[in-house]
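# Architecture at a glance
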Amino acid sequence: MKVRVAEQAGYCYGVERALRLTSEAAESDRKPIHTLGPIIHNPQVVEEFAAKGVRHVSSLEGLSGGTIIVRTHGVDPEVIARADEMGLSTVDATCPFVAKAQQRAAALVRDGYSLVVVGEKEHPEVVGILACARGQATVIERAEEAQGIQGDRIGIVVQTTQSVENLRQIVGVLLTRAAELKVFNTICSATTKRQESAKVLAEEVDMMIVVGGKNSANTSRLSQICRDTGTVTHHIETAKELRPAWTSDVETVGVTAGASTPEWLLQEVIETLKVTG
């Protein structure tokens, strides 16, 4: 069996930056160290940091002293202000692409546009974007949801891990429902490259393995993009989830990984496939 790996796979700049900042904090004397939510959506990485004394919390309540790290997905700016008031040392590891989406959203609301956020309503990144827009936004994930939106001036920002194709479909609907439509494509370039690379590979192999956290939006979207090509696709977190039956009649298997998936997890999967294949 031949194993092929997507040209673009694994950690992106925003994740690498967040992990570097967290590692530096863990080695400092500003303890205890907490992250506001999991630093990234990868359970194995979160467990590694927990072993180093970096724990994640859901809120600032009950914290006294030490360091709080804002994860890649960002938060409401008022949370950071509150941390400062509490005397916490704050490390802002918000992905630069997420920060840009927050800024664009705030600017559109300030300029009088009816804001539409393309993304998952409960995702922490979208929650943070909404907070920056002071809650004055409508969140939609699919083109059919855009049918009920109408206005003179509509502005759009996008969750950074959405697909360009999904944005294109939603914009197509809203073009007919607004006198003025202002679109900021805030999808992360690394996300787009990984999605395009995964799609190309999926169309050329018999089966795809997508490696990454089950709670990772960008990894889940990679899986869906691969499935949409008609190729059998399995989304796993570690090599332990691989099943021999999956590859029994497969000549070529493709492998890709989400932007929050560490290289060692990806390599374990690749090596396991080569041995079992």
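Cut-off values and rules
Residues numbered from 1 in each chain as written. Predicted model: local features only at pLDDT ≥ 70, side-chain atom pairs only at ≥ 80, totals over all residues. Heavy atoms only, no water. Helix = DSSP H or I, 4+ residues; strand = E, 2+ residues; numbered from the N terminus. Rg over C-alpha atoms; globule rule 2.2 N^0.38 Å. Buried < 20%, exposed > 50% of the residue type's maximum accessible area, 1.4 Å probe, protein only. Contact = heavy atoms within 4.5 Å. Areas by Shrake-Rupley, 256 points an atom, 1.4 Å probe, with all protein chains shown as cover. Lys, Arg positive; Asp, Glu negative; His and termini not counted. Charge placed at Lys NZ, Arg CZ, Asp CG, Glu CD. Axes fitted to C-alpha atoms, helices over the stretch in contact; angles between N-to-C directions. Left-handed = near helix turned anticlockwise from the far one by under 90°. Nonpolar A, V, L, I, M, F, W, Y, C, P; charged D, E, K, R; others polar. Pairing = 2+ DSSP bridges. Polar contact = N/O pair within 3.5 Å; in protein donor to acceptor, adjacent residues only side chain to side chain. Right-handed = clockwise from strand over helix to strand, strands pointing away. Phe/Tyr/Trp six-rings, centres within 6.5 Å; stacked < 30°, edge-to-face > 60°. Lys NZ or Arg CZ within 6 Å of the ring centre and 35° of its normal.

What follows concerns the overall build of the chain. Within the chain, the regular secondary structure consists of 9 helices and 12 strands. The C-alpha radius of gyration computed for the chain amounts to 20 Å, which stays within 12% of the reference 19 Å derived for 277 residues, consistent with globular compactness. Each of the three principal axes of the chain carries a C-alpha extent, and together these read 55 × 55 × 25 Å. Counting all 277 residues of the chain, 54% fall into the buried class. In the chain, once contacts between residues fewer than 6 apart in sequence are set aside, the share between residues at least 24 apart is 72%. By element, 48% of the accessible surface of the chain is carried by carbon and sulfur atoms, the whole surface being about 12800 Å². With 29 positive and 35 negative side-chain charges, the chain shows a spacing of 2 Å between the two charge centroids.

With that settled, consider the packing of helix H7 (residues 189-202) against helix H8 (residues 217-228). Two elements in contact, H7 and H8, have axes separated by 9 Å at closest approach and are oriented at 35 degrees. In the packing of H7 onto H8, the handedness of the crossing is right-handed. Counted together, Arg194, Gln195, Ala198, Lys199 and Ala202 of H7 and Arg221, Leu222, Ile225 and Cys226 of H8 form the full contact between these two elements. Classifying every residue of the contact of H7 with H8 by side-chain character gives 5 nonpolar, 1 polar and 3 charged.

Across the sheet, 4 strands lie side by side as E7-E6-E8-E9; this open sheet has parallel pairing. In this open sheet, the two edge strands, each paired with only one partner strand, are strand E7 (137-140) and strand E9 (178-183). The mean inter-strand angle of the sheet, taken between neighbouring strand axes irrespective of direction, is 25 degrees. Alignment of strand E6 (residues 114-118) against E7, held across 4 bridges, turns out to be parallel. Bridge pairing links valine 118 to isoleucine 140 in E7.

Relative to each other, helix H4 (residues 96-110) and helix H5 (residues 124-132) sit at 35 degrees, their axes nearing to 8 Å. As for how H4 packs across H5, the hand of that crossing is right-handed. Residues Val98, Ala101, Gln102, Ala105 and Ala106 of H4 form the contact with H5, whose own contacting residues are Glu125, Gly128, Ile129 and Cys132.

This part is about the environment of threonine 90. Position of threonine 90 among the secondary structure elements: in strand E5 (residues 89-92). When its relative accessible area of 26% is taken as the criterion, threonine 90 is described as partly exposed. Sequence separation of threonine 90 and threonine 67 is 23 residues, and the distance between their C-alpha atoms is 5.7 Å. Ignoring any residue separated from it by four or fewer positions in sequence, one finds threonine 90 in contact with Ile68, Val70, Ile80, Ala83 and Asp84. There is a polar contact of 3.5 Å between the side chain of threonine 90 and the side chain of aspartate 84.

Here we take up the pairing of strand E11 (residues 232-236). For E11, the tally of buried residues reaches 4 of 5 residues, placing the bulk of the element in the interior. Pairing between strand E10 (residues 207-211) and E11: 5 bridges, direction parallel. When the bridges of E11 are listed, methionine 207 appears paired with valine 232. In this fold, E10 hands off to H8, which returns the chain to E11; that crossover is right-handed.

Turning our attention to the sheet that holds E10. Reading across the sheet, the 4 strands line up as E1-E12-E10-E11 and stay open at both edges, with parallel pairing between neighbours. Lying at the two open borders of the sheet, with one neighbouring strand each, are strand E1 (2-5) and E11. Taking the axes of each pair of neighbouring strands and ignoring which way they run, one obtains an average angle of 25 degrees across the sheet. Docked against the sheet, H8 engages E10, E11 and strand E12 (252-257), running at close to 170 degrees with respect to E11. With respect to the sheet, helix H9 (residues 263-276) is in contact with E1, E10, E11 and E12, its orientation differing from that of E12 by roughly 170 degrees.

Moving on, we come to the pairing of E6. The element E6 is extensively covered by neighbouring structure, given that 4 of its 5 residues are classed as buried. For the handedness criterion, the β-α-β arrangement of E6, H5 and E7 is classed as right-handed.

Applying the stated rule across the entire model yields 0 aromatic pairs. Geometry around tyrosine 113 places arginine 153 over its ring, the cationic atom sitting 4.1 Å from the centre.

This part covers unusual backbone geometry. Most of the time, phi is negative for any residue but glycine, and the peptide bond is trans. Across the junction of lysine 31 and proline 32, the peptide omega takes the value 0 degrees, indicating a cis bond. Its place among the elements puts proline 32 in the loop between helix H1 (13-26) and strand E2 (33-36). Its identity as a non-glycine residue notwithstanding, arginine 134 has a phi of 55 degrees, on the positive side. When you line up the elements, arginine 134 lands in the loop between H5 and E7.

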